[in-house]
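Residue-level listing of the chains:
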Amino acid sequence: AYEAIGSTRLFPEEGHETWEDAFAYNGSTCAMAKTAPEMASFIDSHMEVFDFQKGDVLLHTRWLFHRSVPLTEEGKKYFTEIEE
């Protein structure tokens, strides 16, 4: 599968010696807004939100940045109505 999508099993390709080394190399994307605000802003400006439905499957590479997005008021109304 890695060859089919042009990916590598490790990043960097030579891998890491310890988990501490891996964390230091990659940093924490969860804290990116504080540790790298310009990068976080750039990524957010290119964000796409998809309208997934129950049963949908999302396939992606391990390099995809992802996070949950709060429901809008319209979304909350929708879910309230379908539960009734």
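What you are looking at is a predicted structure, and each value in this text was computed from that prediction instead of being measured.

Quick word on the pattern of salt bridges
No. 1: Taken as a whole, this structure holds three salt bridges when the rule is applied.
No. 2: A salt bridge links Lys76 to Glu73; the shortest N-O distance between them is 3.5 Å. Of the two residues, Lys76 and Glu73 both sit in helix 5 (residues 73-83), three residues apart, roughly one turn of that helix.
No. 3: Overall, the relative accessible area of 60% leaves Glu73 in the exposed class.

Considering a nonpolar patch on the surface
No. 1: Residues Phe50, Phe52, Leu58 and Leu64 make up a contiguous nonpolar surface patch of roughly 410 Å² in combined accessible area.
No. 2: Mapped onto the fold, Phe52 is located in the loop between helix 4 (37-45) and helix 5.

Observations regarding the confidence of the model for the protein chain
No. 1: For the protein chain, per-residue confidence averages 77 on the pLDDT scale, and residues scoring 70 or more make up 75% of the total.
No. 2: By mean pLDDT, helix 2 (residues 19-26) is the weakest element of the protein chain at 60, and helix 5 is the strongest at 88.

Calculation criteria
- Residues numbered from 1 in each chain as written.
- Predicted model: local features only at pLDDT ≥ 70, side-chain atom pairs only at ≥ 80, totals over all residues.
- Heavy atoms only, no water.
- Salt bridge = Lys/Arg side-chain N within 4 Å of Asp/Glu carboxyl O.
- Helix = DSSP H or I, 4+ residues; strand = E, 2+ residues; numbered from the N terminus.
- Buried < 20%, exposed > 50% of the residue type's maximum accessible area, 1.4 Å probe, protein only.
- Patch = residues over 30% accessible without salt bridge, like charges linked within 9 Å, V, L, I, M, F, W, Y side chains within 5 Å.
- Areas by Shrake-Rupley, 256 points an atom, 1.4 Å probe, with all protein chains shown as cover.
- pLDDT = per-residue confidence, 0-100.

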